[in-house]
Amino acid sequence: EFLFRDVLNDGIRSIEVQLRDKHLSLKQEVSTDLPNLVADKRSIYQIILNLLSNAAKFTKPGGGITVSARTDGDMFEFSVADTGVGIAADQLATITEPFSQSRHNAHIAGTGTGLGLTIVKSLTEAHGGTLKIESEQDVGTCVTVRLPLTGK
């Protein structure tokens with residue numbers, strides 16, 4: 001058991017330089033009464049870090065990132081949304097496959113391994129959860145992770 005907010009704050013600290021260098025705003029919409037999360041803390045940190053890193057990488061200077069977290073029945077839900085370049089509709093179905101990257105902006109897309117969302121999906125599913133990716137080119141992306149509150 002651990003506090004999601006603590007792991008989230010660690011993830012945010014890890015991308016502070018990117019936020020500052022690109023003048024990105026970060027908004028947190030995290031419920032104040034979240035229960036402890038029963039999960040592998042290191043895995044949840046990796047999920048958060050990958051999502052925050054992607055959001056910072058694919059958001060143009062001056063854009064914004066919003067992190068939200070809440071409970072929904074017996075599920076814990078958190079999401080990272082950005083005002084970035086987005087993912088083309090024809091790439092959404094394969095974006096979580098290994099070494100897949102959006103080719104919307106080749107200069108940005110070529111800077112990673114293409115494993116970030118693959119890892120997020122694998123770790124989420126290993127916890128009995130689900131991953132949802134919504135995106136629109138030139139508008140942004142929202143990735144939502146839903147995990148059972150009681151652990152897998």
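What follows covers the environment of Thr 96. Within the element layout of this structure, Thr 96 appears in the loop between helix H4 (89–92) and helix H5 (106–109). Taking relative accessible area as the criterion, Thr 96 reaches 13% and is therefore assigned buried. In this structure the C-alpha to C-alpha distance between Thr 96 and Lys 121, which are 25 residues apart in sequence, comes to 6.8 Å. What Thr 96 contacts, discounting residues up to four positions off in sequence, is Leu 117, Thr 118, Lys 121, Leu 131 and Ile 133.

What follows concerns the nonpolar core. Ranked by size, the top nonpolar core spans 34 residues in total, and within it Phe 4, Ile 44, Leu 51, Leu 52, Ile 65 and Phe 78 carry the most contacts. Within the residue set of this core, elements represented by two or more residues are helix H1 (4–14), helix H3 (41–58), strand S2 (64–72), strand S3 (75–82), helix H6 (116–126) and strand S5 (140–148). Looking at this core element by element, the count peaks at 8 residues for H3. Each residue touching Ile 65, except ones within four places of it in the same chain, is listed here: Leu 19, Leu 24, Ser 25, Leu 26, Lys 27, Leu 52, Ala 55, Ala 56, Thr 59, Val 80, Ala 81 and Asp 82.

Put simply, the protein chain has an average pLDDT of 88, and 86% of its residues get 70 or more. Throughout residues 102–110 the model reports pLDDT below 50, and contacts reaching past four residues in sequence, or to other chains, amount to 16 contacts.

Conventions we followed
Residues numbered from 1 in each chain as written. Predicted model: local features only at pLDDT ≥ 70, side-chain atom pairs only at ≥ 80, totals over all residues. Heavy atoms only, no water. Helix = DSSP H or I, 4+ residues; strand = E, 2+ residues; numbered from the N terminus. Buried < 20%, exposed > 50% of the residue type's maximum accessible area, 1.4 Å probe, protein only. Contact = heavy atoms within 4.5 Å. Core = buried A, V, L, I, M, F, W, Y, C linked by side-chain atoms within 4.5 Å. pLDDT = per-residue confidence, 0-100.

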